[in-house]
Amino acid sequence: MANDKVTENRPAENAGAGRSRKRKRVSFLAGGVVLGLFVAAGGAYVLMGQEYRRVFFPNTTINGLDASGLTVEKVQTMIASGMEGYKLTLEERGGTSEQIGGEEIDLHPEYDGSLELILAGQNPLRWGAYLTKGDSYTIETMMSYDKDKLLAVVSGLDCLQEANLEAPKDAYLSDYITGSGYEIIPEVQGNTPDSGLLLDSVSGAILNLKPTLSLEEEGVYKKPQITAEDEGLKALADAWNLRVQTTVTYQFGDQREVLDGERIHTWLTSTDDGMPLLDETKITEYVAELAKNHNTAYKPKTLKTSYGPTVTITGGPYGWRINQSAEAAALSQILQSGQSQEREPVYSQTAASHGAQDYGTTYVEINLTAQHLYYYKDGSLIAQADFVSGNEAKGWSTPAGAYPLTYKQRNATLKGQGYATPVSYWMPFNGGIGLHDAGWRSSFGGNIYKTGGSHGCVNLPPATAKQIYENISAGTPVLCYHLGGTNKGSSTVTPAETTAAATTAAPTETTAPAETTAAAAAPQETAPVGPGTTETTAAQANPAGPGAAPETTAAATPSPNPTQAPQQTPQTPQQTPQTPQQTPQTSQGSQASPQPGTSATKPQVQDTPGTAQNGTSPAGPDSKTNGQAASGAVSGPGA
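Residues numbered from 1 in each chain as written. Predicted model: local features only at pLDDT ≥ 70, side-chain atom pairs only at ≥ 80, totals over all residues. Heavy atoms only, no water.

Caption draft 1: Representation of the packing of helix α9 (residues 280-294) against helix α10 (residues 324-337) in the model. Two elements in contact, α9 and α10, have axes whose closest approach is 9 Å; the angle formed by their N-to-C orientations is 125 degrees. Between α9 and α10, the interaxial angle falls into the category oblique. Both α9 and α10 take part in a crossing whose hand is right-handed. Within the contact between the two elements, α9 uses Glu280, Ile283, Thr284, Tyr286, Val287, Ala288 and Ala291 and α10 uses Gln324, Glu327, Ala328, Leu331, Ser332, Leu335 and Gln336. For the contact of α9 with α10, the class distribution of residues is eight nonpolar, four polar and two charged. (Axes fitted to C-alpha atoms, helices over the stretch in contact; angles between N-to-C directions. Helix = DSSP H or I, 4+ residues; strand = E, 2+ residues; numbered from the N terminus. Parallel < 35°, antiparallel > 145°, perpendicular 65-115°, else oblique. Left-handed = near helix turned anticlockwise from the far one by under 90°. Contact = heavy atoms within 4.5 Å. Nonpolar A, V, L, I, M, F, W, Y, C, P; charged D, E, K, R; others polar.)

Caption draft 2: Focus on the nonpolar core. Ranked by size, the top nonpolar core spans 43 residues in total, and within it Trp267, Leu303, Leu331 and Leu335 carry the most contacts. Listing elements by their share of this core, those giving two or more residues are α7 (231-244), β11 (248-252), α9, β16 (310-313), α10, β21 (372-377) and β29 (477-481). Among the elements that take part in this core, α9 stands out by supplying five residues, more than any other. Excluding residues that lie within four positions of it along the chain, Leu335 makes contacts with Arg243, Thr246, Val248, Ile264, Trp267, Leu278 and Ile283. In this structure, Ala67, Val72, Ile100 and Leu150 belong to the second largest nonpolar core, which totals 38 residues. (Core = buried A, V, L, I, M, F, W, Y, C linked by side-chain atoms within 4.5 Å. Buried < 20%, exposed > 50% of the residue type's maximum accessible area, 1.4 Å probe, protein only.)

Caption draft 3: Inspection of α9 at higher detail. A rise of 1.5 Å per residue sets the reference length of α9, with its 15 residues, at 21 Å; its end C-alpha atoms lie 21 Å apart and thus fit the reference within 8%. Looking only at α9, the buried set comprises Ile283, Tyr286, Val287, Leu290, Ala291 and His294. Looking straight down α9, one finds that the buried residues subtend no more than 145 degrees of arc, so they occupy a single side. Capping the start of α9 is the job of one residue whose side-chain oxygen sits 2.9 Å from the backbone nitrogen of Thr281: Asp279. (Expected span 1.5 Å × (residues − 1). Arc of directions from axis to C-beta. Polar contact = N/O pair within 3.5 Å; in protein donor to acceptor, adjacent residues only side chain to side chain.)

Caption draft 4: Representation of the environment of Gly338 within the structure. Note that Gly338 resides in the loop between α10 and β18 (341-343). A C-alpha to C-alpha distance of 5.9 Å links Gly338 and Arg243, two positions 95 residues apart in sequence. Beyond its immediate chain neighbours, meaning those up to four positions away, Gly338 contacts Leu242 and Thr246.

Caption draft 5: Structural detail: the pairing of strand β4 (residues 97-101). Both strand β3 (residues 87-91) and β4 contribute to a ladder of five bridges, which runs antiparallel. Counterpart to Lys87 in the pairing with β4 is Gly101. Hairpin connection, β3 to β4: the antiparallel pair is bridged by five residues, and Gly94 has positive phi, about 95 degrees. (Pairing = 2+ DSSP bridges.)

Caption draft 6: Local environment of the environment of Ser389. Within the secondary structure layout, Ser389 lies in the loop between β22 (380-386) and β23 (401-404). Sequence spacing of Ser389 and Gly452 is 63 residues, and the spatial spacing of their C-alpha atoms is 9.1 Å. Setting aside residues up to four positions removed in sequence, Ser389 forms contacts with Leu368, Gln371, Thr398, Tyr449, Gly453, Ser454 and Cys457.

Caption draft 7: Examining the packing of aromatic side chains more closely. Counted by the stated rule, this structure contains 15 aromatic pairs. Ring geometry for Tyr176 against Tyr182: centres 5.8 Å apart, planes inclined by 70 degrees, an arrangement best described as edge-to-face. Like Tyr182, Tyr176 is buried. Between Tyr250 and Phe252, the ring centres sit 6.4 Å apart and the planes meet at 25 degrees, which makes this aromatic pair stacked. There is no split in this pair, since Tyr250 and Phe252 are both buried. Taken together, the aromatic side chains of Tyr307, Tyr359, Tyr363, Tyr374 and Tyr376 make up a single cluster linked through ring pairs. Its guanidinium or amino end placed over the ring of Tyr221, Arg93 lies 4.1 Å from that ring's centre, counting from NZ or CZ. (Phe/Tyr/Trp six-rings, centres within 6.5 Å; stacked < 30°, edge-to-face > 60°. Lys NZ or Arg CZ within 6 Å of the ring centre and 35° of its normal.)

Quick look at the structure:
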């Protein structure tokens, strides 16, 4: 049984071994076929490569000519035929073109063996690598031309003639343009070739027998150095526009002055690096112009008087006054920063209101001719009275003009050489000249001032001085004027008398005449002094001289009786102004008036109560007060 099984298994083993042997034979045969194919292909590749011992590899260009598969002789023939009738067309900017013919430059073939060297350098076994990418050769000696003739031909091209050329221009910043400022003007490319680059490009095109040459593509045109996209130019435009796009609006009450680029651009100059530079002189001139147009200090003012006619008051510092140096400095900083704004200028002196009547509706009206005074507050008449002003015969006339009340002081002593006169209510307005009570006088008004007047002060009945003092404040306008035909007799009062006041409305004011240019500085005037004294003050007097009448805008008419009591008596003010804290100082020289509305050091006042012809105090109530002590002492002219 065992032998039988063995016998039965042998045929199966033999069958498997047979199949294996068959597979091996098939694989051997397949490998042989493939090997044979490789051998055959290699042989064919080598055989084909032998052809490239006499022709150029695929994708070979020589001087721009396709030499693939060509022999040296055929390449030479192609070059020679290409030179026959050769013309190079130059495509120029602007759509124009020109041509250069080969005959113009004696173009001809010239072979020096370079083609043969290229062919000999080919490895036939590497020809397959050139099927996708080949070599390019330039042989300058393969053709030749007369270089001098080419230079002459190129130099004679229209595209190089001066009459046809537009030079390139850099981008730049425009001049000022109304409404927009400064703009960048784009660069201009022009059409001017670089002659050297043009000659090189033409020579290369000819050696390669190119039919056309684009001067634009070759980049032979000269280029601007600065374009509109230049960052430096953009920054420059921003800097200049920062200045001219700044607007400064000045407010003068209802009036406005607008400063903008239309004016500012004329103030700009350029630094070495092109940046804008503000001309500080122009800024100063502009502020001076503002001052000329809007300052009212020292300028004529019109007043519709309580007597009816309108007068023009000349002289005196009252009014608006721009601090020109401070405002010029502030304006320069504003323009440098580029911060537009509305503003009022820096003032060294202010007034009650803008407009023709800058003194407003609160003021003291002093008619030096009538020797009568009115005090209006917010349009209502608070007080009125006759007064005695400066002694005309001695040259001490109270100057006409518009002045701010410097300050007010209770219980001051008016001192002069050999006298000291206490007053209860002292209100200076023109250096050492002021309003004050004069209890030593028994009468006021009329012609007293002509020979028996003060040293320049306005002497008032005590009750009137008190009433004015309690209702007035520093900076209040004091308007002094002359009005012909209003002089009347004097009124007699006692120190205890009270001047009646009315609550009638202030007179309607008329429009001021055209203003003249303000003086560069306040007029320097000498105030009158008492007998035996030598002190002077910086009081601003009428430029025409002490006692001179100002020009009037309407003819004088008969005046009302200035001493006639008004029909109504105003109520006593609820509050009494506080006495200034500052104690007057004694000085041997003159003192200038401080700015209205500000605290001020009291100027020294020398004064005598009503002076007789011999320079001594007249008999009367005043003789009892001479030399008496008071709470404050001021010295200078005025009483």
